[in-house]
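Chain by chain, the residues:
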Amino acid sequence: MPIDRDTVAHVAELARIDLRPDELDDLSVELSSIVDHIARLRELDTDAVPPTAHAVPMENVLREDIVAPSWPPEAVLANASHRVGDLFEVQAILD
Amino acid sequence: MIDSAYLTVGEAAALLRGGEISSVELTQQSLRRIEQLDSELHAFLTCTPDVALMQASEADRRIARGEAGPLTGIPMALKDILSTRGVRTTCASKILESYVPQYDAGVVERLRQAGCVLLGKTNMDEFAMGSSNENSAFGPVRNPWNLDRVPGGSSGGSAAAVAAGEAMFALGTDTGGSIRQPAALTGTVGLKPTHGRVSRYGLIAFGSSLDQAGPITRSVRDAALVLQTIAGHDPRDSTSINAPVPDYGAGLSGEVRGLKLGVPKEYFGGGMQAEVEATIRAAIHVYEELGAEIEEVSLPHTDYALSTYYIISPAEAMANLARYDGVRYGLSVPGEDMWEMFGRTRDVGFGNEVKRRILLGTYALSAGFYDAYYLKAQKVRTLVRRDFEAAFSRVDALLAPTTPSVAFPIGEKTDDPLEMYLSDVYTVPINIAGICAISIPAGFVQGLPVGLQIIGRPLGEETILRAAHAFEAATEHATRHPDVTAWAAVAS
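Residues numbered from 1 in each chain as written. Chains lettered and ligands numbered in written order. Predicted model: local features only at pLDDT ≥ 70, side-chain atom pairs only at ≥ 80, totals over all residues. Heavy atoms only, no water.

**Some words on the interface of chain A and chain B**
This is how the line gets drawn: The contact rule is simple, with two residues in contact once any of their heavy atoms fall within 4.5 Å. Buried area: the accessible area, evaluated with a 1.4 Å probe, that two parts lose upon being put together, summed over both parts. Note on definitions: salt bridges are taken to be side-chain nitrogens of Lys or Arg within 4 Å of carboxyl oxygens of Asp or Glu. Counted as a polar contact is a pair of N or O atoms within 3.5 Å, where, for protein atoms, one must be capable of donating a hydrogen and the other of accepting one, and residues adjacent in sequence contribute only when both atoms are in side chains. Helix and strand assignments come from DSSP, with helices taken as H or I runs of at least 4 residues and strands as E runs of at least 2, each series counted from the N terminus. Note that Gly is not counted as nonpolar here; it falls among the polar residues with everything else outside the nonpolar set of Ala, Val, Leu, Ile, Met, Phe, Trp, Tyr, Cys and Pro and the charged set of Asp, Glu, Lys and Arg.
Taken residue by residue, the interface counts 50 residues in chain A and 66 residues in chain B. Carbon and sulfur atoms supply 65% of the area that chain A and chain B bury against each other, a total of about 5200 Å² over both sides. Our count for the contact surface shared by chain A and chain B stands at 3 salt bridges. Across the salt bridge formed by A:Arg40 and B:Asp303, the nearest N and O atoms sit 3.6 Å from each other. Seen at the junction of chain A and chain B, the total is 19 residue pairs in polar contact (both at pLDDT 80 or more). Contributions of two or more residues to the side of chain A that touches chain B are made by α1 (5-14) and α2 (21-38) of chain A. Element by element, the count of residues in the side of chain A that touches chain B is highest for α2(A), at 9 residues. Taken together, the residues that form the side of chain A that touches chain B break down as 31 nonpolar, 10 polar and 9 charged.

This is how it looks when you write it as structure tokens:
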């Protein structure tokens, strides 16, 4: 199934990537050929097959509910692009 | 002085313990070789000579106290996707170009405790997405056997550094073949452990149900030594397996009599280079001569594994890479509002292949397509896993090619992403099934290395290491090294 330019633009918006017009064209062609290849899975009857979410079977992994020290603010903020005191700074989300 | 370039870890450790060389000397030799070779090779993104020499001095003191382990004082390199406290970790991406982790990955902690010496962080395909290292935002790695060829990917820097004698071993990571494929194309040993055998804590995530770190070395025994150090349970990785770690070196006897080895018929023919097939057939014959029982087996869903992979891995990648938003770490490109800042940051920060995979994953998980793609792929994953279970009910391990061809020319596949994906056709099924596999040098075609892949059961690392070691001991392929004097000013 071909993935047209509008579909690429929609998916890019969902993924929060601002693509340039030339990128939209290229990706439409490339993704179409990849999805064509992937579509071969339809040849297989999997109605009675359970999905494998994880290759090695595993129960839920829980830890003891014990308070432990967390990182100091300086370490947490060390890679921030913008900070105000001990906070990450972002632009206003609401007007 | 002893020339350390092509010593194995085991040989170097013996010299260190015997006082015939110091870790500082070994480290200086490695650093000098990196200086001589790496302007051509580009295996390293960050070199850490100060850290290395400090760790080497500490290792020498530890050796003098008689407290050395098998890796103490050994100079090594880490793929730049493994978090290193205080040392820039970029994933070869512009989005993490100046990111400095505040903690060590679980495997890095273990190597530090063992007394290893960190030479630096190795080049890779951006976020481990690629099979040629051409997707690095900082320029490709070249193959030391032929500089016009790719070293494979995504752990191409790690493999090239080990093959060219810059590092004594390196860690890579393998999501669909990213340790084994570059090991095959550079004539090194590359081991992908069972998913969960080695901690993923601090391994910057690409496909969480597929990613696994492992060693790239110049001998099978070295791979066993490194695995011994990095394997084991880590409560900080909830998919880490809590099972005892066996003595991986103990079974390396050179003996394979009584071992049943399967040859999956679906891994031959098709798009495989004829000389590569002949090399692998010859390797299988070596096992016969050594007394192993060879049996043809079938993995009927092999052809579908790649399609499954190219749904599951982008789906996981799109979720894992959602965190790069320009706020807490990494690149931040200003915009009119926060949404524009996100969009611009991610457009400028991610390279083409990463964008392709994020979009593919987003598409496969988007409304109306989930059942047709993602759920379908998870079901086919079950079929791929069952194929291996059926094979392993009859044989102890499988013998197969690692790649369909030898190292291809730089630039040959960059215009066709699908063509590039097909170079992972023999390695991807192992990640889909979550099992383990090792690639070892099997011979040469046109002067370029060919890799033999030995595939094992879940937690079957002992068996594949034993089989790999027997082949290595019976042949001379592992003793051949690239002639770096052909392209670098270095005494051979």
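**Let's talk about the side chain of B:Lys192**
All names here are of chain B. Heads up, the rule is: Think of it in three bands: with a 1.4 Å probe and only protein chains considered, a residue is buried below 20% of the maximum accessible area for its type, exposed above 50%, and partly exposed in between. When charges are tallied, Lys and Arg are placed among the positive residues and Asp and Glu among the negative ones, while His and the ends of the chain are skipped.
Here Lys192 lies in strand β5 (residues 189-192). Although Lys192 is buried, it makes no salt bridge; Asp174 carries the closest opposite charge, 6.0 Å away. Of the polar contacts made by the side chain of Lys192, one reaches the backbone oxygen of Ile435; its length is 3.0 Å. Once you skip the residues sitting within four places of it in the chain, Lys192 turns out to touch Asp174, Arg180, Gln212, Ile430, Asn431, Gly434, Ile435, Cys436 and Ala437.

**Looking at the confidence of the model for chain B**
So the rule is basically this: The predictor rates its confidence in each residue with pLDDT, a number between 0 and 100.
Scored by pLDDT, chain B has a mean of 96; 99% of the residues are at 70 or more. Overall fold confidence (pTM) sits at 0.97, and the ipTM for the predicted complex is 0.95.

**Some details on unusual backbone geometry**
Residue and element names in this part refer to chain B. Look at the link from Gly153 to Ser154: it is a cis peptide, with omega at 10 degrees. Locating Ser154 in the fold gives a position in the loop between β3 (117-122) and α5 (156-163). In this structure, Ala128 takes a positive phi of about 70 degrees despite not being glycine.

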